[in-house]
Amino acid sequence: MTTSAPHKPGTDLRGVFQRAYENRYTWDPGFGGYSGSCVWIQGDQRVEGRFSIGKDLKASVEGIDDETVLKAVNSQLWEVAIHRVRRTFEQTHSENTFTAGDTDAVGTEVIVGGKGEGDRYRIKDDVVTMVHRHIHGTVVTIFTTAVTETGRGYLSHTYTSQYADPATGEARGGRSSFKDTFVPLSDNGPWVLQERVIDTEAHGDQPAGSQTFRFENLEAL
């Protein structure tokens, strides 16, 4: 049975959600790190540098003097690394409960109770297709519409992200659309980010914008 099969509202989905959680691609415990060149592109601006992610999953970027660009590149590398950390389901979700809500085209709603009360997910075919989480005084909602299958779990390929006020639901910033390209460093991996394109919608005084991050000449440390 796949997670796209309808589940009666109120059903305990712990096992179903655990299967989707464990289907995400993560780096092996023996991950040794990798390095390469990094390129940031926005309009006719292009900035290049060097980067590495160590076996401790910490990123280091060199050769970029622009503080804003440096922060942006570091942020993308940190986000990639933090999502590749392998933690057991119990380590992450032992204090949460998971109950079925409705089922729509996106997937079956998973309503979280316990420590993570207020969070929600949707799952379909063992993929987490929607995340709605409270993080540091804000709410982030992510919809995933396409994934990359690595053979050892999936990586989100096409998705959107929107931040909002947890009390009012009012948007904080424009919605961002992501397209990620992952490649294996060798026949056995690890799979790493090669390119990320972020298109952000206009919001208030902030104009729409597009950024491209490329990570090239990749090699294991």
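Given the structure is predicted, the values throughout are model-derived calculations rather than measurements.

A. A look at the overall build of the protein. When you go through the protein residue by residue, the secondary structure sums to three helices and twelve strands. Its C-alpha atoms give the protein a radius of gyration of 18 Å, near enough to 17 Å, the size a compact globule of 221 residues would have. Expressed as a percentage of the 221 residues in the protein, the buried residues total 40%. Here the contacts in the protein between residues at least 6 apart in sequence split such that 44% fall between residues at least 24 apart. Total accessible area on the protein stands at roughly 12,000 Å², and carbon and sulfur atoms take up 49% of it. Within the protein, the 31 negative side-chain charges are centred at a point lying 5 Å from the centre of the 23 positive side-chain charges.

B. Structural context of the pattern of salt bridges. On inspection of all chains with the given rule, the structure shows 14 salt bridges. R46 serves as the salt-bridge partner of E48, at 3.1 Å between the closest nitrogen and oxygen. For R46, a relative accessible area of 47% corresponds to the partly exposed category. D102 serves as the salt-bridge partner of R122, at 2.8 Å between the closest nitrogen and oxygen. Linking R122 in strand β6 (residues 120–124) with D102 in strand β4 (residues 96–103), this pair joins segments that are 20 residues apart in sequence. Its relative accessible area of 9% is what places R122 among the buried residues. Relative accessible area serves as the criterion here: at 39%, D102 is assigned to the partly exposed category.

Reading guide: rules and limits
- Residues numbered from 1 in each chain as written.
- Predicted model: local features only at pLDDT ≥ 70, side-chain atom pairs only at ≥ 80, totals over all residues.
- Heavy atoms only, no water.
- Helix = DSSP H or I, 4+ residues; strand = E, 2+ residues; numbered from the N terminus.
- Rg over C-alpha atoms; globule rule 2.2 N^0.38 Å.
- Buried < 20%, exposed > 50% of the residue type's maximum accessible area, 1.4 Å probe, protein only.
- Contact = heavy atoms within 4.5 Å.
- Areas by Shrake-Rupley, 256 points an atom, 1.4 Å probe, with all protein chains shown as cover.
- Lys, Arg positive; Asp, Glu negative; His and termini not counted.
- Charge placed at Lys NZ, Arg CZ, Asp CG, Glu CD.
- Salt bridge = Lys/Arg side-chain N within 4 Å of Asp/Glu carboxyl O.

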